[in-house]
Amino acid sequence: MENKIPSLQAPFSTPASVVVPNEPPSIVARNVNVWYGEKHAIKDVSIDIYRRQVTAFIGPSGCGKSTFLRVLNRLNDIIEGCRVTGKITLDGDDIYDPRIDVVQLRARVGMVFQKPNPFPKSIYENIAYGPRIHGLTRTKKELDQLVERSLRRAALWDEVKDRLNEAGTALSGGQQQRLCIARAIAVSPDVILMDEPCSALDPIATAKIEELMDELRREYTIIIVTHSMQQAARVSQRTAFFHLGDLVEVGSTEQIFTRPQDKRTQDYITGRFG
Amino acid sequence: MADHTVKSFDEALEHLRNTLLRLGGIVENSLAEAVAALAKRDADLAAQIVQRDSEVDALCRSAEDQAVKLIALRQPVASDLRLVVGAIRVAVDLERVGDYASNIAKRTIVLAQLPALIGVGPIQRMGRIVQEMLKDTLDAFSTHDVEKAHSVWVRDEQVDEAYNAVFRNLLTYMMEDPRNITPCTHMLFIAKNIERIGDHITNVSETIRFIEIGEQVVQDRPKRDDSAFAIVEPPAGV
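Residues numbered from 1 in each chain as written. Chains lettered and ligands numbered in written order. Predicted model: local features only at pLDDT ≥ 70, side-chain atom pairs only at ≥ 80, totals over all residues.

Draft legend 1. Examining the overall build of chain B more closely. Looking only at helices and strands, one finds six helices and zero strands in chain B. Along chain B, helices (α) and strands (β) appear in the sequence α-α-α-α-α-α when read from the amino end. Counting only C-alpha atoms and orienting by the principal axes, one finds that chain B spans roughly 75 × 40 × 25 Å. For chain B, the proportion of its 238 residues judged to be buried stands at 43%. Within chain B, contacts between residues at least 6 apart in sequence are counted, and of these 83% link residues at least 24 apart. (Helix = DSSP H or I, 4+ residues; strand = E, 2+ residues; numbered from the N terminus. Buried ≥ 20, exposed ≤ 12 C-beta atoms within 10 Å, placed from the backbone. Contact = placed C-beta atoms within 7 Å.)

See below:
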């Protein structure tokens, strides 16, 4: 901005500082770098992610926001030539510690993708699969209860309770996405990562997912990558702006959308990127 | 600032800014002419100012309509949002300045028909301070100059002090001779109108700060208008 910011002391308020909850962050990332071969995709990113909040990652295509999201549950491990440095802890545990079980990690850090991807199985089996392989329930009754609870939390139960044996893929797009959220919830994660969860959905289905996120954030740490700035503004409490692999600015969503501190943030969210 | 990727968004914001500047220009003229008409007892000039008020109202409505449309169609954020929200406030404040200038003109028409017993010098001086403030405010808005806006904010105190002086001065004339009451009452309202204009201009200067850097003024503005607490005893023997 070309503002002349005056050096006035007393009469004016200082900018509202970022509200940080009075508890340690769920995820702490320090000096994280990611390379895809020669390409430096994430540059020295440090950020704290808090519980019971939705944190939105925004930025233009190729800015690294999805890459950074995938770092958080080590989904980049399966990409050849991908190298990650720096330190990321989840509730104090270093997630890149060689001793850590990646399957367990991904149960703690669930993920919902852009395109709904239910298993080609029944609605019931979509939910029951995770708890079964992780051995979370002992009896059929317990499993039934877990399936019901997960579907209820994902606000899908009332729509599917009479047809649990039908194929998950037979549901509408919005229902499939909520099924995927229910599937992620079923294994009791701490964190839910959402990578453009609504970009394939119509406005009503989008509103349902957004409403659901607001419910879920009471229990989970939620991180959403979205291209819709309005969506980031609606659903998140904190917003992080990425650009060319840098974390440019992170702050309360209100602050980012009313008085961003960095010119690049300002230019991006107001639609001035050139 | 860089241009929007969507050109028409830039054009709409620019058009809104220009509407406010046009509104400000007309109001600035009305205020200057109102003070001049008062000094010259020029009823014709005063009548022209009164007629201009509908143009001011129309421009204010236009600015408000543009702002609502921008919010509905563009969902502005950050500096764009602050401009749009600020524009609504600025338009209303400037429109009020126009109303007061028009009211000064109406009273000038009445005063021009009465004998010129009492000098309007002190009111003219008040008017000059306020005119300067309005000019600087409009400059600050068009050049994004927060310091200049702040200098206006500070100056409102001078207007209040000048108003107090005029208030006391007019009371003494009224006590001297009841025939002075009619012109003095009109002059008192004129002085009050100018004082109110100063307040609205100060509002605009606060809004400029909000538009440019997103901060509200938190400190109470310097206030020196204590005429609300004045008690006057008539001279002994009256």
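Now that the structure is up, let's keep going.
Draft legend 2. View of the pairing of strand 9 (residues 238-243) of chain A. Residues and elements named next belong to chain A. For strand 9, the tally of buried residues reaches six of six residues, placing the bulk of the element in the interior. Of the two faces of strand 9, the one holding Arg 238, Ala 240 and Phe 242 and the one holding Thr 239, Phe 241 and His 243 are both buried throughout. As judged from the four bridges shared by strand 3 (residues 54-58) and strand 9, these two strands associate in the parallel manner. Bridge pairing in strand 9 places Thr 55 opposite Arg 238. In this sheet, strand 10 (residues 246-252) lies alongside strand 9 in antiparallel orientation, the contact comprising six bridges. Within strand 10, the position partnered with Ala 240 by the bridge is Val 250. Between the end of strand 9 and the start of strand 10, which pair antiparallel, lie two residues, with Leu 244 showing a positive phi angle near 50°. (Pairing = 2+ DSSP bridges.)

Draft legend 3. Layout of the sheet that holds strand 1 (residues 27-36) of chain A. With respect to topology, four strands assemble into an open sheet ordered 2-1-4-5 (chain A), the strand pairing being antiparallel. Looking at the sheet topology across the chains shown, the edges are occupied by strand 2 (39-49) and strand 5 (93-94) of chain A.

Draft legend 4. How the structure looks around the sheet that holds strand 6 (residues 109-112) of chain A. All names here are of chain A. With mixed pairing, the six strands of this open sheet are ordered in space as 6-7-8-3-9-10. Two strands lie at the open edges of the sheet, namely strand 6 and strand 10, each paired on one side alone. When strand polarity is set aside, the average angle formed by the axes of neighbouring strands in this sheet is 20°. By the bridge criterion, four bridges tie strand 3 to strand 8 (residues 221-225) in an arrangement that is parallel. What sits directly across from Phe 57, in strand 8, is Val 225. (Axes fitted to C-alpha atoms, helices over the stretch in contact; angles between N-to-C directions.)

Draft legend 5. Representation of the environment of Ala154(A) within the structure. Turning to its location among the elements, Ala154(A) is positioned in the loop between helix 4 (140-153) and helix 5 (157-160). Here the alpha-carbon distance between Ala154(A) and Ala182(A), two residues 28 residues apart in the chain, equals 5.2 Å.

Draft legend 6. Fine view of unusual backbone geometry. Residue and element names in this part refer to chain A. Residue Leu 244 is not a glycine yet carries a positive backbone phi of 50°. Mapped onto the fold, Leu 244 is located in the loop between strand 9 and strand 10. When the 14 C-beta atoms within 10 Å are taken as the criterion, Leu 244 is described as partly exposed.

Draft legend 7. Local environment of the packing of helix 2 (residues 43-74) of chain B against helix 3 (residues 78-113) of chain B. All names here are of chain B. One can describe the packing of helix 2 onto helix 3 by two numbers: an axis separation of 8 Å at closest approach and a directional angle of 170°. In this view, helix 2 runs roughly antiparallel relative to helix 3, as classed from their interaxial angle. In terms of crossing hand, the pair formed by helix 2 and helix 3 is left-handed. Here the contact of helix 2 with helix 3 is built from residues that sort into 21 nonpolar, three polar and six charged. (Parallel < 35°, antiparallel > 145°, perpendicular 65-115°, else oblique. Left-handed = near helix turned anticlockwise from the far one by under 90°. Nonpolar A, V, L, I, M, F, W, Y, C, P; charged D, E, K, R; others polar.)

Draft legend 8. Molecular detail of the confidence of the model for chain A. Predicted confidence across chain A gives a mean pLDDT of 89, with 92% of residues reaching 70 or more. Note on residues 1-18 of chain A: pLDDT under 50 across the span, and 34 contacts to partners over four residues away in sequence or across chains. (pLDDT = per-residue confidence, 0-100.)

Draft legend 9. Focus on the pairing of strand 1 of chain A. All names here are of chain A. Sheet topology places strand 1 next to strand 2; seven bridges connect them, and they run antiparallel. The residue of strand 2 that forms the bridge with Trp 35 is His 40. By the bridge criterion, eight bridges tie strand 1 to strand 4 (residues 82-90) in an arrangement that is antiparallel. Pairing of Trp 35 across the sheet is with Arg 83, part of strand 4.

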